[in-house]
Amino acid sequence: MAEVTLKSLTKIFEGTVVAVKEFDLKVEDKEFLVLVGPSGCGKSTTLRCIAGLEEITEGEIFIGGRLVNDIPPKDRDIAMVFQNYALYPHMNVYKNLSFGLELRKMKKDEIERRVHEAAQILDIEHLLDRKPKALSGGQRQRVAVGRAIVRKPKVFLFDEPLSNLDAKLRVQMRTEIAKLHQNLQATIIYVTHDQVEAMTMGTKIVVMKDGIIQQVSDPLTLYDKPVNKFVAGFIGSPPMNFIDTDVVKEGADYHIQTDSFKVQIEKDKYDKVKDYAGKKVTFGFRPSDLIDESIAKDKAGRYIKAKVEVIEPLGSEIFLYMSAGKDNFVARVPHQFRTKIGDEVGFTVDMDKSHVFDIDTEMAIF
């Protein structure tokens, strides 16, 4: 396997549409890196540039230390798994797996060995005689992955490979691909718009917006320490709550204040907010960081009372859509929690896990 390095990668379509802008990234050998972001953020374009399927406008791409800008896709030693599987409908599974190796004039016994080895890893040995139309979506995706495995490339590229599967199969295939990474010890670059997929699969995640990298980090750091409001809102399900508030200084203490509630900021954050006293900021807190008043141990200075507008029971947990004055937010509570629409419920905010963002730049203050 090999590392992948992108230096100032830029892709502009039709002279004006900037899809990827000055993209700098290093993917370590054997790393599972995920590119995640909303539709149109440039993640698939970045992947296609690495594969050589898109000609880059500026910058350099290195695979295994070799500059590949002018090297055609077939000679870059990469294998790509597409969203639509791209299987040959007239060939059976064995032939789909072996076809690329045959084109490379590989010996027949080596082809057979590689095909059966990949089929065993993916548990599709019993499907080798079937044609794609006789396979389920999950089985077709396994064949598409198998076709990449038999190549034994330096880098695997996955372009939203689970988008066409139902929810249960997506969860299953996420696990399978994560296991595959462990077994192959491969370098994998994986594109998805699904932040849950990104968080559960990647050892490192790149969050993108408008062709620009917003943050590169491991999943837990992205969740706990987002660098800006976009990352904070994109990572996490349901998303982080955002409320525009004032920073108020009272004596030696600082508070977040709206017309309907006031919560005290942690003392170790005072240095970070002192320049914002008397100014507006965006207060961010996750639905899971609201603690029911009946079990909260420390209510002093952290209390929000709100009206229940909508209740979404999800089995093991419940989402409560709340309103406090003109502000709205979501609370995530255990399934045992009992309330009804119209009730007023009190919560304590876990301020140690909350965030404050500059209202103009949207960068994290803490």
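Whatever comes next refers back to the structure up there.
The structure reproduced in this document is the subject of the present report. (Residues numbered from 1 in each chain as written. Predicted model: local features only at pLDDT ≥ 70, side-chain atom pairs only at ≥ 80, totals over all residues. Heavy atoms only, no water.)

1. A look at the pairing of strand E14 (residues 280–285)
Burial analysis of E14 places five of its six residues in the buried class, the great majority of the element. One ladder, built from six bridges, connects strand E11 (residues 241–250) with E14; its direction is antiparallel. Within E14, the residue paired with Asp 244 across the bridge is Thr 282. Sheet analysis places E14 next to strand E20 (residues 355–358), joined by four bridges and oriented antiparallel. Looking across to E20, one finds that Val 281 is bridged to Asp 358. (Buried < 20%, exposed > 50% of the residue type's maximum accessible area, 1.4 Å probe, protein only. Helix = DSSP H or I, 4+ residues; strand = E, 2+ residues; numbered from the N terminus. Pairing = 2+ DSSP bridges.)

2. Regarding the sheet that holds strand E7 (residues 155–159)
An order of E6-E7-E8-E3-E9-E10 is seen for the six strands of this open sheet, with the pairing classed as mixed. Each having just a single partner strand, strand E6 (78–81) and strand E10 (212–217) make up the two edges of the open sheet. Between one strand and the next, the sheet's axes are offset by a mean angle of 15°, whatever the strand orientation. The pairing of E6 with E7 spans four bridges and is classified as parallel. Note on E7: the bridge partner recorded for Met 80 is Leu 157. Contacting E6 and E7, helix H4 (residues 137–149) crosses the sheet at an angle of about 175° to E6. (Axes fitted to C-alpha atoms, helices over the stretch in contact; angles between N-to-C directions. Contact = heavy atoms within 4.5 Å.)

3. Quick word on the side chain of Lys 204
Tracing the backbone shows Lys 204 in strand E9 (residues 204–209). Given a relative accessible area of 17%, Lys 204 falls into the buried group. Reaching out from Lys 204, the side chain makes a polar contact with the backbone oxygen of Lys 26 at a distance of 3.1 Å. Aside from chain neighbours lying at most four places away, what touches Lys 204 is Lys 26, Glu 31, Phe 32, Leu 33, Val 34, Val 216, Ser 217 and Asp 218. (Polar contact = N/O pair within 3.5 Å; in protein donor to acceptor, adjacent residues only side chain to side chain.)

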